[in-house]
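# Per-entry structural report
Chain by chain, the residues:
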Number of protein chains: 2
Amino acid sequence: MVRDARLGQQLTFLVEIDRLKSVLRQTTLCDGSRHENSAEHSWHLAAMAGILAEYAPPGVDWTRLIRMLLVHDIVEIDAGDAFAYDATANVGRVEREQLAAERIFSLLPAEQATELRDLWEEFEAQTTIEAKVAAAFDRLQPLLNNYSARGGSWRAHGVTRSQVLWRMDPIRESLPAIWPAVLQIISVSCEAGYILDDA
Amino acid sequence: MVRDARLGQQLTFLVEIDRLKSVLRQTTLCDGSRHENSAEHSWHLAAMAGILAEYAPPGVDWTRLIRMLLVHDIVEIDAGDAFAYDATANVGRVEREQLAAERIFSLLPAEQATELRDLWEEFEAQTTIEAKVAAAFDRLQPLLNNYSARGGSWRAHGVTRSQVLWRMDPIRESLPAIWPAVLQIISVSCEAGYILDDA
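Residues numbered from 1 in each chain as written. Chains lettered and ligands numbered in written order. Predicted model: local features only at pLDDT ≥ 70, side-chain atom pairs only at ≥ 80, totals over all residues. Heavy atoms only, no water.

### So, the interface of chain B and chain A
- Listed per partner, the contact involves 51 residues of chain B and 51 residues of chain A.
- Across the chain B to chain A interface the summed buried area is about 4500 Å²; carbon plus sulfur atoms make up 65%.
- Contact with chain A buries surface across chain B, with B:Lys21, B:Trp43 and B:Ile51 losing the most and accounting together for 18% of the total.
- Taken together, chain B and chain A are joined by 4 salt bridges.
- Close ionic contact of A:Glu36 with B:Lys21 constitutes a salt bridge, the shortest N to O distance being 2.7 Å. (Contact = heavy atoms within 4.5 Å. Buried area = accessible area lost by both parts, 1.4 Å probe. Salt bridge = Lys/Arg side-chain N within 4 Å of Asp/Glu carboxyl O.)

Structure below.
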């Protein structure tokens with residue numbers, strides 16, 4: 001695209017990741033009008049991390065956390081989004097995502113490719129505090145959207161209270177200050193019929 | 001939504017800004033398949049800022065820059081996106097956006113409302129280095145998308161080389177290391193008929 005080879009690689013990568021805007025998730029917008037895509041979802045998570053920073057454990061590196069949230073779904077360009085509550089769709093997910101990471105991050109200059117891939121691997125490995133808090137936000141956002149959309153993808157797929165509790169568990173662990181509110185939203189959603197109450 | 005009043009305000013704000021996913025811009029996706037929305041555009045800018053950080057002047061506060069990019073378009077939820085090359089659409093824009101900022105940021109607890117509004121005002125005022133670099137990325141991204149989409153919104157609106165040069169000028173000023181590549185993309189786009197060549 002341009003004469004400067006390094007900048008050319010970077011711009012090629014930036015054009016490539018535009019495709020994340022075409023990867024649809026099961027979750028809908030809060031108004032229920034359509035499914036959301038993984039690019040706008042990533043924006044929502046990064047904004048959420050800024051607003052809810054005070055609830056996270058001390059010592060979180062926020063710059064790294066937000067960069068992680070911005071890139072955590074990029075592999076879905078090749079691998080697609082596997083619906084969290086669908087065990088079949090998650091078979092082979094890890095292998096598909098590894099191949100995707102290899103192809104997509106390698107568009108960048110080598111040291112940037114390594115840096116972004118490491119950030120993504122860190123998110124997947126779920127061992128650092130930043131990865132755990134990022135995963136917790138990645139659970140909280142669909143909770144808000146499904147609740148706002150009067151059930152959204154929960155209702156579309158007949159998701160139960162115990163499934164949602166299992167799915168939200170990273171919030172209990174990594175953003176415990178928010179957990180009572182999560183339980184409250186789940187209870188109200190069960191009462192309203194957005195979630196099937198199997199309690 | 002939840003018993004904790006402060007967290008409730010924050011979650012209400014996070015649900016409200018979901019509407020940015022429904023604000024359409026003139027720019028299309030890189031594959032030209034549809035117009036992009038302001039939420040996924042904001043994600044693309046924040047990712048771009050991470051990848052192209054090395055071209056910015058020294059001393060930029062990257063955490064503040066990325067937070068600015070994440071919130072810079074939120075006022076469009078009420079005010080809409082005014083097409084950059086349409087003078088009529090820009091009449092009254094400042095007043096509409098001020099009213100939008102007042103309503104939307106005020107959903108947050110007071111000190112967070114002030115913090116985000118200040119970030120947005122800083123972007124609009126274009127006096128700090130972070131605001132200038134943010135604006136430069138905000139020009140570069142549509143250039144990449146229009147070029148990739150074989151003209152995109154340039155072609156749809158008969159935009160000329162001198163208009164694009166005027167629009168891209170913040171890049172020349174704040175990301176000068178990228179400017180030669182911008183000129184190259186504009187030249188190729190004129191040759192290809194994506195931009196009307198009035199040179």
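### A short note on the relation of the copies chain B and chain A
- Superposing chain B onto chain A takes a rotation of 180 degrees combined with a translation of 0.0 Å along the rotation axis, leaving an RMSD of 0.0 Å. The symmetry that links the two subunits is that of a two-fold axis.
- The overlap is high: 100% of the interface residues of chain B also sit at the interface in chain A, so the same surface is used on both sides. (Least-squares fit on C-alpha atoms with pLDDT ≥ 70 in both.)

### Regarding the packing of helix H3 (residues 62–71) of chain B against helix H7 (residues 129–148) of chain B
All names here are of chain B.
- In contact at an axis separation of 9 Å, H3 and H7 are set at 50 degrees when each is read in the N-to-C sense. Classified by the interaxial angle, the pair formed by H3 and H7 is oblique. With respect to the hand of their crossing, H3 and H7 are arranged in right-handed fashion. Across the interface between the two elements, Trp62, Arg64, Leu65, Met68 and Leu69 from H3 touch Glu130, Ala131, Val133, Ala134 and Phe137 from H7.
- The residue makeup of the contact of H3 with H7, split by class, is 8 nonpolar, no polar and 2 charged. (Axes fitted to C-alpha atoms, helices over the stretch in contact; angles between N-to-C directions. Helix = DSSP H or I, 4+ residues; strand = E, 2+ residues; numbered from the N terminus. Parallel < 35°, antiparallel > 145°, perpendicular 65-115°, else oblique. Left-handed = near helix turned anticlockwise from the far one by under 90°. Nonpolar A, V, L, I, M, F, W, Y, C, P; charged D, E, K, R; others polar.)

### Some points on the environment of B:Arg161
All names here are of chain B.
- For arginine 161, the position within the fold is in helix H9 (residues 161–174).
- Between the alpha carbons of arginine 161 and cysteine 190 there is a distance of 7.1 Å; along the sequence they are 29 residues apart.
- Those residues in contact with arginine 161, other than ones at most four positions away along the chain, are Ile186, Ser187, Cys190, Ile195, Leu196, Asp197, Asp198 and Ala199.

Functional significance is not addressed by these values, which are geometric in nature.
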